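Below, each chain spelled out in residue letters.
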Amino acid sequence: EGGKAAGGQLVDQRFCPRIVEGELRYNMAGDSLVGIIHKKPKEGGISAVSGTGSIYTFYGPEEIKFQNLTDNFLKRDMGKIMPSIGLEREPIPLWWTTDFINASPPGTKLEDERWIVGEFNCSCVGISKCLAAY
């Protein structure tokens, strides 16, 4: 029971050792970037989920440190997302996130960095700035 026949999916994704440096969460409203969060795991960890001792750093959507990734994602890749998952006739979600992991060798120039998507999420999108109230 289950599996692909029941509509399930399995994603085969390579391990990116630079996950220990953290991941970038792009918070999206439709096709607009509204904020970036650098989620860095606790020393020695690889998970940056809330409650694990990870450190969250918040950036605005126009953060220059991530300009190359942002430009490539919004201008080159955005239109390919829905068709690539077989939903070309559906609108992009109203509120969603994508998490990026740096897959470049250490020392790569910013303009040459290669980032991969570790996760798309539109069903359980948290409001990270509200964690302090939790």
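Here's a quick rundown of the structure. Small disclaimer: the values here were computed from a predicted structure and weren't measured. (Residues numbered from 1 in each chain as written. Predicted model: local features only at pLDDT ≥ 70, side-chain atom pairs only at ≥ 80, totals over all residues. Heavy atoms only, no water.)

Within the secondary structure, Ser47 is located in the loop between strand 2 (32–40) and strand 3 (55–59). Through-space distance from the C-alpha of Ser47 to that of Glu23 is 9.4 Å; in sequence the pair is 24 residues apart. Sequence-distant contacts of Ser47, that is, excluding residues within four places in its chain, are made with Pro41, Thr52 and Ser54. (Helix = DSSP H or I, 4+ residues; strand = E, 2+ residues; numbered from the N terminus. Contact = heavy atoms within 4.5 Å.)

With that settled, the discussion passes to helix 1 (residues 67–77). Because an α-helix completes one turn every 3.6 residues, residues spaced three or four positions apart along the sequence face the same direction. Restricting attention to buried positions, one finds in helix 1 the residues Leu69, Thr70 and Phe73. Relative to the axis of helix 1, the buried residues are bounded by an arc of 100 degrees and lie together on one face. Close packing links the buried residues of helix 1 with strand 1 (23–29), strand 2, helix 2 (81–84), strand 4 (95–102) and strand 5 (115–121). (Buried < 20%, exposed > 50% of the residue type's maximum accessible area, 1.4 Å probe, protein only. Arc of directions from axis to C-beta.)

With that settled, consider the layout of surface pockets. Approximately 620 Å³ is the volume found for the largest pocket. Considering the residues around the largest pocket, the lining is formed by 28 residues, among which Phe73, Ile81, Phe100, Val117 and Phe120 are closest to the centre. Of all the elements in the fold, those that place two or more residues in the lining of the largest pocket are helix 1, helix 2, strand 4 and strand 5. Per-element tally for the lining of the largest pocket: the top contributor is helix 1, with seven residues. Across the lining of the largest pocket, the residue classes break down as 17 nonpolar, five polar and six charged. (1 Å grid on protein atoms, 1.4 Å probe; cavity = no way out; pocket = protein on both sides within 12 Å on 5 of 7 lines; lining within 4 Å. Points joined across faces, edges and corners; volume = space filled by probe spheres on them. Nonpolar A, V, L, I, M, F, W, Y, C, P; charged D, E, K, R; others polar.)

This part takes up the packing of aromatic side chains. Enumeration according to the criterion identifies six aromatic pairs in this entry. Considering the side-chain rings of Tyr26 and Phe100, the 5.0 Å spacing of their centres and the 70 degrees angle between planes classify their relative orientation as edge-to-face. With Tyr26 in strand 1 and Phe100 in strand 4, this pair connects stretches of sequence that are 74 residues apart. Just as Tyr26 is buried, Phe100 falls in that class too. Consider the rings of Trp96 and Phe120, whose centres lie 6.1 Å apart with planes at 45 degrees: the pair is tilted. Taken together, the positions of Trp96 in strand 4 and Phe120 in strand 5 put the pair 24 residues apart, joining distant regions of the chain. Classification of Phe120 by relative accessible area gives partly exposed; the value is 43%. Each member of the aromatic cluster is reached from another via a ring pair, and the members are Tyr26, Phe73, Trp96, Phe100 and Phe120. (Phe/Tyr/Trp six-rings, centres within 6.5 Å; stacked < 30°, edge-to-face > 60°.)

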